[in-house]
Amino acid sequence: MSIFFKGFFLSLSLLVAIGAQNVFIIKQGISKNHIFVVSGICFFCDVVLMGFGIFGIGEFLAKNRILNLLIASVGILFVLYYGFLSLKSAFFAESHLKFLQSNSLSLKKTILLTLAVTLLNPHVYLDTVFVIGATALMFNFDEKIIFAYGAFTASFLWFFGLGYGALKLSQILIQITKIIDILIAIIMFFIAFSLLRYVLISS
């Protein structure tokens, strides 16, 4: 049972940090935009990536410098784009009105954006594949399965709790959407700066 909670609390501690994926989920919750799909995709990606890390593939990815730099470079472009969209939503009335409409994004666009904000962020790989994968090295195969269940459980509770929590509080949060958009933009630009430093240092 202690191994289960090691996986649970490690996964939860990594997920709680406010990053691109979390602010994206919060924004979809506020706008009532396909929350089950968004939370489900984030959870599914976590299961796949954590599984890779826990059961050994993380070591290969960690050594692939070209792949890491490629993901980081694409990630910079994506978070900058998302940051500028948030600023546009905050300062232009037309964009702000569009944001307030429920289900303003199609299901297809929602799926693509969720995959992009999840898989184009190198921090996701660092947390799920590298950190969790490295922690699992101390366990045998049966223990890794228990550790993985703990990590998966934390991911499920976090993503669905965050999405539906934002949905329930949407009437309150919607009153401060301009502030939220500005904060999202700041976070996105900070992430882009961090990724740029990573690319420059690794080059």
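Residue numbers run consecutively from 1 along every chain, following the written order of its sequence. Side-chain atom pairs in this predicted model are given and counted only at pLDDT of 80 or more, local residue features only at pLDDT of at least 70, and totals for whole chains, interfaces and linings cover all residues. Side-chain metrics in this entry use all non-hydrogen atoms of the structure; hydrogen atoms and water are not considered.

Some thoughts on unusual backbone geometry
With a phi angle near 55°, Lys-32 is a residue other than glycine that sits in the positive phi range. When you line up the elements, Lys-32 lands in the loop between α2 (20-30) and α3 (35-54). What makes Lys-32 partly exposed here is its relative accessible area of 27%. Positive phi is not limited to glycine here, since His-34 has a value of about 45°. Secondary structure follows DSSP: runs of H or I at least 4 residues long count as helices, runs of E at least 2 residues long count as strands, and numbering of each begins at the N terminus. Each residue is placed in one exposure class: buried if its accessible area under a 1.4 Å probe, protein chains only, is under 20% of its type's maximum, exposed if it is over 50%, and partly exposed if it falls in between.

Quick word on the side chain of Ser-155
Residue placement: Ser-155 occurs in helix α9 (residues 141-168). By the convention used here, residues are in contact when the closest approach between their heavy atoms is within 4.5 Å. Once residues within four sequence positions are removed from consideration, Ser-155 is found in contact with Ser-11, Leu-15, Phe-43, Asp-46 and Met-50.

Digging into the nonpolar core
Buried residues of nine kinds, namely Ala, Val, Leu, Ile, Met, Phe, Trp, Tyr and Cys, make up a nonpolar core once their side-chain atoms join them within 4.5 Å. In this structure, Phe-24, Ile-25, Trp-158 and Phe-159 are the most contacted members of the largest nonpolar core, which totals 13 residues. Mapped by element, the contributors of at least two residues to this core are α2, α3, α7 (107-119) and α9. Membership of the second largest hydrophobic core comes to eleven residues, among which are Ile-3, Ile-132, Phe-139 and Phe-147.

Quick notes on helix α1 (residues 2-16)
Given the number of residues in a helix, its expected span is that number minus one, multiplied by 1.5 Å. The terminal C-alpha atoms of α1, which comprises 15 residues, lie 21 Å apart, in line with the 21 Å expected from a rise of 1.5 Å per residue. Among all positions of α1, only Ile-3, Phe-4, Gly-7, Phe-8, Leu-10, Ser-11 and Leu-15 are buried. Against the buried residues of α1 lie α2, α3, α8 (122-135) and α9.

All we've got here are geometric facts, nothing functional implied.
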